[in-house]
Amino acid sequence: MTTRQSHAPLPGAAAADPADASHEGSLPPSDAAGGPVGSRGGRRTTLKTGPSNWLLAPALSFFGVFALLPLAGVVVLSFFAWDGLGTPQFAGLTAWFQVFQDPVTLNAMWLTLLMTLLSYVVQFPLSLLLGAFMAGHQRYREVFSVLYFLPLLFSAAAVGIAFKALLDPNFGLSRAFGLDLLRQDWLGSPTFAFYTLIMVISWSFVPFHSLLYQAGVRQIPASMYEAATLDGAGRVRQFFNVTLPQLKYTIVTSSTLMLVGSLTYFDLVFILTGGGPGNSTRILPLDMYLTGFRSYQMGPASVIAVILVAVGLTLSLVLNRISGADRMESQMEGA
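An account of the accompanying structure is given in this report.

Analysis parameters
- Residues numbered from 1 in each chain as written.
- Predicted model: local features only at pLDDT ≥ 70, side-chain atom pairs only at ≥ 80, totals over all residues.
- Heavy atoms only, no water.
- Salt bridge = Lys/Arg side-chain N within 4 Å of Asp/Glu carboxyl O.
- Buried < 20%, exposed > 50% of the residue type's maximum accessible area, 1.4 Å probe, protein only.
- Core = buried A, V, L, I, M, F, W, Y, C linked by side-chain atoms within 4.5 Å.
- Helix = DSSP H or I, 4+ residues; strand = E, 2+ residues; numbered from the N terminus.
- Contact = heavy atoms within 4.5 Å.
- Axes fitted to C-alpha atoms, helices over the stretch in contact; angles between N-to-C directions.
- Parallel < 35°, antiparallel > 145°, perpendicular 65-115°, else oblique.
- Nonpolar A, V, L, I, M, F, W, Y, C, P; charged D, E, K, R; others polar.

### Section: the pattern of salt bridges
Summed over the entire model, instances satisfying the criterion amount to 1 salt bridge. Where Asp-287 meets Arg-282, a salt bridge forms, and the shortest distance between an N and an O atom there is 2.8 Å. Owing to a relative accessible area of 0%, Asp-287 belongs among the buried residues under this scheme.

### Considerations on the nonpolar core
Core analysis: the largest hydrophobic core is formed by 18 residues, its most contacted members being Met-115, Phe-163, Val-200, Tyr-265, Val-269, Leu-272 and Ile-283. Taken together, the elements giving at least two residues each to this core come down to helix H4 (103-134), helix H6 (156-166), helix H8 (193-218), helix H12 (267-272) and helix H13 (284-293). A total of 5 residues in this core trace back to one element, the largest contributor, which is H8. In this structure, Met-115 is in contact with Phe-194, Leu-197, Ile-198, Ile-201, Tyr-265 and Ile-283, ignoring residues within four places of it in sequence.

### A few points about the packing of H8 against helix H11 (residues 248-261)
The description of two helices packed together rests on the angle between their axes and the distance between the axes. Contact geometry for H8 and H11: axes closest at 10 Å, N-to-C directions at 170°. One element, H8, and the other, H11, form an angle in the roughly antiparallel class. Counting all contacts with H8, which are made through Phe-208, His-209, Leu-212, Tyr-213 and Gly-216, the residues of H11 involved are Thr-250, Ile-251, Ser-254, Leu-257 and Met-258. Taken together, the residues that form the contact of H8 with H11 break down as 6 nonpolar, 4 polar and no charged.

### Here we look at unusual backbone geometry
Most peptide bonds take the trans configuration, and most residues that are not glycine carry a negative phi. Of note, the amide linkage connecting Gly-276 to Pro-277 takes the cis form, showing an omega dihedral of -5°. Residue placement: Pro-277 occurs in the loop between H12 and H13. Positive phi, normally seen in glycine, also occurs at Tyr-296, with a value near 55°. Within the element layout of this structure, Tyr-296 appears in the loop between H13 and helix H14 (298-323).

See below:
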């Protein structure tokens, strides 16, 4: 015979609260980051997630040794007089005054500014239009893309030697087609040499920027173009109202590379013209080389190098600040 045991509360024990019973077995509260909230000392503690900052140490070390340290050496050398062989002698601001009073260097600054603007005017629209065109998946566009990207495989030295032979007035293009228009001294004339350089530079670098725009256009959702088509927008209107706004940060990146990269044009100019005829194509990077390794004036050459670095950093910072690219907002609205 079994008896039913009663489970009456012990004397003096408080009655269980249903609200308290609902929390039995629950986990401790957590903060927004997903880590448990500690109550040690009454302070709220969180768990840090993500990679450690120490993972940046190798990259920062290489950057410091191979970029910052040589740059600091160039800045220091700009205050010394040195021919590259003897002992450097401290000269103060002599090299800086010499650079800004040298008519050849001042002309090189003007030519560099002009080449930067003109090369951008030529490269930007061509790259944008070609990139948008090659973003299509038609077979003929893909074949054209492969052929058009071939200049990216050639070195600057090979491109310079090839164009120097093609533009020679005694043979090459001037004799191949029998046209008087092509029988010009393209690289030996002060009138044509500078603009010929811009065309060769554009031919070399437009495929790279077209590749950037092609990748950017292919990331735009097709639904945006479908919505624009339903609204009655044609191809031209879709390009200006859909494609261009969605390529905002691609344009910023490409423009930064174009403008800052124009401050480093040296190999093509050196091979094609060597700065001539006269000083008509002696841009600032070439002037730095000729001043340092032809005239053996390392102080003024270091000053020119510091100017190029300062202008390049300023251009990059200004473009990113004006465009808002440093905030990295999403451009995928409507996806």
